[in-house]
Every structure is written in C-alpha cells, then in structure tokens.
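Structural features, examined
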Amino acid sequence: METRVNYKNELNLMATELRLGLPGSDDKPSIRNNKRNSPDISEDYSSSKSSSSITMPGDDDQDSPPPAKEQVVGWPPIRSYRRNCIQNTKKNKGEGTGMYVKVSMDGAPYLRKIDLRVYKSYPQLLKALETMFKLTIGEYSEREGYNGSDYAPTYEDKDGDWMLVGDVPWEMFVCCCKRLRIMKGSEARGIV
Amino acid sequence: METSELKRSKDSVNSYESARRSSFPDEVLERVLFLLKSHRDRSSVSLVCKDWYNAERWSRTHVFIGNCYSVSPEIVARRFPRIRSVTLKGKPRFSDFNLVPENWGADIHAWLVVFAAKFPFLEELRLKRMAISDESLEFLAVSFPNFKALSLLSCDGFSTNGLAAIATHCKNLIELDIQENGIDDIGGSWLSCFPESFTTLEVLNFANLTSDINFDTLEKLVGRCKSMRVLKLNRSVSLEQLQRLLVNAPRLAELGTGLFSQELTIREYEELESALSHCKNMHTLSGLWDAKGIYLPALYLACTHLTFLNLSYAALQSVEVAKLLAHCPRLKRLWVLDTVEDKGLEAVGLNCPLLEELRVFPADPFDDEIVHGVTDAGFVAVSFGCPRLHYVLYFCSQMTNAAVATIVQNCPDFTHFRLCIMNPGQPDYLTNEPMDEAFGAVCVLSGCPKLRKLEIRDCPFGNAALLSGLEKYESMRSLWMSACNVTMNGCRLLAREMPWLNVEVMKEDGSDDSQADKVYVYRSIAGPRRDSPPSVLTL
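Residues numbered from 1 in each chain as written. Chains lettered and ligands numbered in written order. Predicted model: local features only at pLDDT ≥ 70, side-chain atom pairs only at ≥ 80, totals over all residues. Heavy atoms only, no water.

- The name an unreviewed UniProt entry assigns to chain B is transport inhibitor response 1, from the organism Hibiscus trionum.

- Chain A goes by Auxin-responsive protein in an unreviewed UniProt entry, where it is assigned to Hibiscus trionum.
- Looking at chain A in UniProt, the text filed under Function (unreviewed entry) is "Aux/IAA proteins are short-lived transcriptional factors that function as repressors of early auxin response genes at low auxin concentrations."
- Listed in UniProt under the heading Subunit (unreviewed entry), the comment for chain A reads: "Homodimers and heterodimers." (UniProt positions renumbered as here; feature names shortened; annotations may be inferred.)

This is the structure in structure tokens:
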C-alpha cells in the first residue's frame, strides 16, 4: 500500500488531468515526447462507452505536415471490411468518372470547383450552379437548349469538344465531363 | 425458500438427505431453472446454496464467455456438463482497427477439442474476434453431429474452404451467419456444397463475402429451404435476381439485398416492388449496396414493421433518406452514411420516435478536401425526436460541448456513446474551448458503478489513472489503454497488487523500454495465458 501512495505523490497529476482540446489554451506539458514514434499522433477519435473523444495537439506539428490519414494505424476507427469497401469504391471511380471539375463563368474573376458525384441529375446540378454563381440558367429543351436565358452551361468532354449540358443522359455526362464553363450573353444565346 | 430452511440446508451441506428433505426435489428445481434464460438471473441462482448451484449448472444449456482468457474450456466443461450452445469473444475490441498484433491469440481450436470430448451434442457456436482456421472449421463440422448454428463476427484466419466444410458435413444446419470477418474469400463454390437433399436452413448470411456465387444454386437452395427467415445476400446478387428469390421466400423476417443499382425496365421495377410488398414479416433490412434513390420507393411497403434498417452501404442524400424514413415509423435501429447530412438526421428525429440505436459512418474518411457529412446539429435533432436513444456511434466533422449536453439531457438512458470527430484537433467550434464539459456530461471515469469495459487511446492518462481503478477492475471485464502515459513499472505494480488480473503489455518496435505502449488488463480464473506471442508480455 505504501508503495502505491508514494508512487502517486511522485506523479505530476496535472499531466494526467483530463484535457480535451488544443494545446496553448493552457500550459500543456510535452507529454507527446513519450509516445511511440508511429505517425498517428495528430489524430482525434473516440473511445467507447465511458470515455469520450479526446483531441490531440495538432499545432505542434506545423513544421512537418501530418501524414496522410490512410497510413495511420488504427485510424479512422472503422472495421476492415468497411474500409476496404470505401477504398474499392474509390478505385472503381478512378479518373473521369465524376470527381471535382473546374467551373468557370465568363466574367468571373476566379474559377470554382464542384463534385459531380454529389448530384444525381441535371436539375440538381443546374440548381447548384445557379446558387454558386447567383444567376438563373433556366429550362433546358432539346430543341432550343437554354434559349431565353442569358447563360448556357457547357462542358468539355473527353474528346476536347465543348458541348451543351443536358444533351446526353446524366450518367454518360458524369463520365465524360472534364470541366464546365458557363457561357454568357450573345455567345450563350447563339447555342441552339 | 424460507430463510430458516436455507440456513438448515447450508449447515448440513455434506448431508444430501437432510438437504433434500427441506428443499424442492432436484427434478422440479432443474425443470424450473431450465426456463431461466438470463445469465444474470442464473448467476444469482447459483449463489443461493449448493443445491441450487448444482441444479443451475445441470440445467444450463447456453454459456456466454465475454473474454476467452477469463476461464479455460476445462473449467467450463467441468461446471456445466449439458451445454448445447456457446458464445465466445476473444481479442480486445481495438483489434478491429489493427491495433492488436496478428498472432495475438484467441484461437478457438483448444476449445473445440475440449468441446468435442465433453459436449458432443453441441448445437450452436457464436464467435466474435476469435482466430479460427479452416482446419478448425472442418474439425467442428465433423465432430458434432447435431451441429445447428454457426455465427462468426470479426474473426480471422479462415477462408471460404472452411465454409465449404460446414456446408458439406453439417446435415442439420439451421444457421450459417458469416458477418464481417477477416476471411480469405477464394470463391463462391462453398455454396454448392450443400447437398441437394438439404432443406433445414433458416438463416443464411453471406453478405460480407465478395466473390460471385452461382445464382442457380442459390435459387434452388432458397426454394427448398421452406423455413428460411433470414437471407442476407452479397453484392454479386442483382436486383432482378433478388426479385426471383423473394417470390420464393415471402416469409423472410430479415433481408439483406445485393447490389441495389441496376438498370431496370418499368416492368422489372414493378415486379420487384410487388415481391417486396409481399414481405409482411420483415423487421430487418440491410445490404442496399450503391442504392439508387429512384429505386427506394420499391421498399416502402416492406418497411411498415421494420425495426432495423442498415443503409450504411448506400450513399443516400438527405431528401432520399427522408422520404424512406417516412415509411419506417417503428424503427429502433438505424445505420446510415454521413452523406445524409444533418437534414437527413432531422428526418430521423421527425419520423422515428422509437429509435434506440443510431450509427452514422463516414462515407469518405480518407479525403481531407471534402468537407461534408454530419455535425452536432444532426445529432441534436435526433435527440429531440428520439428520447429512447441509448446507443450511438457518430462520425462527424464538428461537435460542441453544448450539443453533447443537450443530447444527454434529451436522452437520459445512454449505454453506448461513441463520438468520433473526423478533423483532428477540433475543439468546440463555437466556443473554441476544449471538449471537457462534454466528457463530464456523458460519464466520468471514476463515477461509473456499472462500468464493464473501458478503452482509452492516445490520452494523457498515466499510472495514477491506471492504479486508481484497482477495486473496479475485478468487476470489469477488461481495460485497454494504448498510447497513453502508462509505464512498465506502473503495470508491474498493478500486476503485483491484483493477482486475479492478467496484465498484458504489447510493446511496439522501437519504442521506449519503460513505456507500456498498449496495456490490456482483464480478470481471469484461468491464470496467465500460455499462448501469447513474443510481442505480448504478461506481467
């Protein structure tokens, strides 16, 4: 019993006081020097039942960027089967099957990027573009394109050609769209 | 029993005659106790007196062992001679996340050998986080002529060849439940090993196997197993094939679909919808891989009595899931991907007042660039609509102290609270303060009288914390601490003070000698184990 009491007193209890945040908010001792060398230091996750999530100091690592998350042991805390499913889905998606594409708008000072995978249909995509650039694109018709609108959404396909958004089925569009351009004004109205 | 009678029978413990005079005849007692299923009740019963202890052990048919190293198979067999069903759990939970060395232990074979000798009439085996080889599966298949049910979750070391052995030899099989495992999936031919005369299967789950199976074989198997009530398919089964299976199995209580995204004609869609609508008994629905929103309405009529819906392999948007949930008023358990976002979770709160369990998984945890998913707002919305919520696993992009406090106030019955903030180093994003208050709101380390398991990763807890829980550890199943501030000396002290505990330390290559990188502490009456690999030290 005595041994235990002495041992306790020797410890710096502040070091083990539960802290759940970034360092710098108080003088956090450099506990992390004692930790293993493996790269998963700047991660944050949960433990189960009776503990809650604990954050790890991330500010210390400003000189060396944190490692890519995939390489970190035990992060994120999901089972191998699910992890493999996610990674297989990413592999299958590969290049050009709908990822982030650049969107330019005539007259706008800089480009934007959107993730085509997020949308399931043309109306959804067009609505997102309208919101993003604060404009109205209007209705698509096969015969007249976006006639009546000041703007026409176009895209560059795999062959490098500029096409009107909406002519091909959605799935096909997502596969071959490399970038988007919202044309404006007379040029736009010229597209039929 | 009257207290005085109890006292008398206790006093005359060696005199069986006098004990018999003053208590129930054994046969009656055993008959009554046979009906007792709860382990806690059985535990209490066994403590009353020696007669009751004996009656209990003779009448027990199912044994649950939460940690395979807490007891030995010989001890189990000695105490319970009539076991028909065993549930065994092995490795610590963090082995699911690759934090435990591969050869750590928890091999089932030694148990099977004892069971084959002592419980030749064994019917059921349910394993979680055990190491099991194909040889062991074959041994199992041939050693127990009455074998009826095999369930494997988070196990590893076996392949589909082991399943082939089970299908080939277990003539009375009722249940084959292969959940998420580290299985070597060589091919789907195991399914063809069920003989043509075999008709007893009621539960078939191969959802987590990736190889293609022969659909013709499957269709015939489902067709002749008229009592089938649980069928969970893998991705290789298409929507059209699903429809054909359902026509033959409308009484399914649990369905796991295959791939839920195929180009269907209108007629094919209507046939699918019709087949699903005939499944009036369905209470569990899962699978739904890559589910397309446009096909979800086919499920609506099947969801009326649903209590468990697993959408965690379908990247659905909030609007789609909201529409589906409107048809699931009786839902108790829901698993989703974070693609549903907070809006989707609002729909949960609005439509599912009976919800008890919610798990929100990350759809894309490896991509730093994409900021989406769910936040504290979604969790709070669920808590307002679902007061019975008590089990949550929540991967989110941000959280606040206030949100957790609200959640716990709305849902006072929490038993499992697992929160994972995906962006590292995130404090409460509103107040920019650490999440200390949240932790206090949920549970405090020293104040949990019913604490069973405690698992801590990457925290500044040290020896003081480890040693403060000494009395607790005997009533707990286990304690895990990894990447904390615990030293070898602290662990040695613990091992010395508590001889009934096994204190195991897993060292990592290149780490400081004095640091205890990973500590796993558990109570055991079997003593220190003898099968630990070199990387595991028992103190």
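Next comes the rest of the account.
**Some thoughts on the overall build of chain A**
- Scanning chain A for helices and strands turns up 6 helices and 5 strands.
- Starting at the N terminus, the α and β elements of chain A follow one another as α-α-α-β-β-α-β-β-α-β-α.
- Counting over 192 residues, chain A shows a buried share of 43%.
- Here the analysis covers contacts within chain A between residues at least 6 apart in sequence; of these, 50% occur between residues at least 24 apart.
- With an accessible surface of roughly 10800 Å², chain A has 50% of that area assigned to carbon and sulfur atoms. (Helix = DSSP H or I, 4+ residues; strand = E, 2+ residues; numbered from the N terminus. Buried < 20%, exposed > 50% of the residue type's maximum accessible area, 1.4 Å probe, protein only. Contact = heavy atoms within 4.5 Å. Areas by Shrake-Rupley, 256 points an atom, 1.4 Å probe, with all protein chains shown as cover.)

**Section: the confidence of the model for chain B**
Residue and element names in this part refer to chain B.
- For chain B, per-residue confidence averages 87 on the pLDDT scale, and 88% of positions sit at 70 or higher.
- Note on residues 437-446: pLDDT under 50 across the span, and 19 contacts to partners over four residues away in sequence or across chains.
- Taken together, the chains of this predicted complex give a pTM of 0.71 and an interface ipTM of 0.76. (pLDDT = per-residue confidence, 0-100.)

**Focus on the sheet that holds strand E5 (residues 179-184) of chain A**
Residue and element names in this part refer to chain A.
- On the basis of which strands lie adjacent, the open sheet formed by 5 strands has the order E2-E1-E5-E3-E4 and mixed pairing. Among the strands making up the open sheet, the edge pair consists of strand E2 (112-115) and strand E4 (162-164). For this sheet, the mean inter-axis angle between neighbouring strands, taken without regard to orientation, is 30°.
- Bridge count between strand E1 (residues 100-105) and E5: 4 bridges; the pairing is parallel. The partner of Val-103 across the bridge, within E5, is Leu-180.
- Sheet strands in contact with helix H4 (residues 122-133) are E1, E2, strand E3 (151-156) and E5, and its direction is about 150° off that of E2. (Pairing = 2+ DSSP bridges. Axes fitted to C-alpha atoms, helices over the stretch in contact; angles between N-to-C directions.)

**A word on the packing of aromatic side chains**
- All told, the structure shown has 23 aromatic pairs over all chains when counted by the stated rule.
- Taken together, the aromatic side chains of Tyr69(B), Phe94(B), Phe97(B), Trp104(B), Trp480(B), Tyr520(B) and Tyr522(B) make up a single cluster linked through ring pairs.
- Positioned over the ring face of Tyr313(B) is Arg82(A), at 4.5 Å from the centre of the ring.
- For the cation-ring pair, Arg333(B) lies above Phe308(B), with the distance from its terminal atom to the ring centre recorded as 4.0 Å. (Phe/Tyr/Trp six-rings, centres within 6.5 Å; stacked < 30°, edge-to-face > 60°. Lys NZ or Arg CZ within 6 Å of the ring centre and 35° of its normal.)

**What to know about the UniProt feature "domain: Transport inhibitor response" (unreviewed entry) in chain B**
- Under the feature "domain: Transport inhibitor response" (unreviewed entry), the UniProt entry names residues 81-127 of chain B.
- With 21% helix and 19% strand, the stretch residues 81-127 of chain B has end C-alpha atoms that lie 20 Å from each other.

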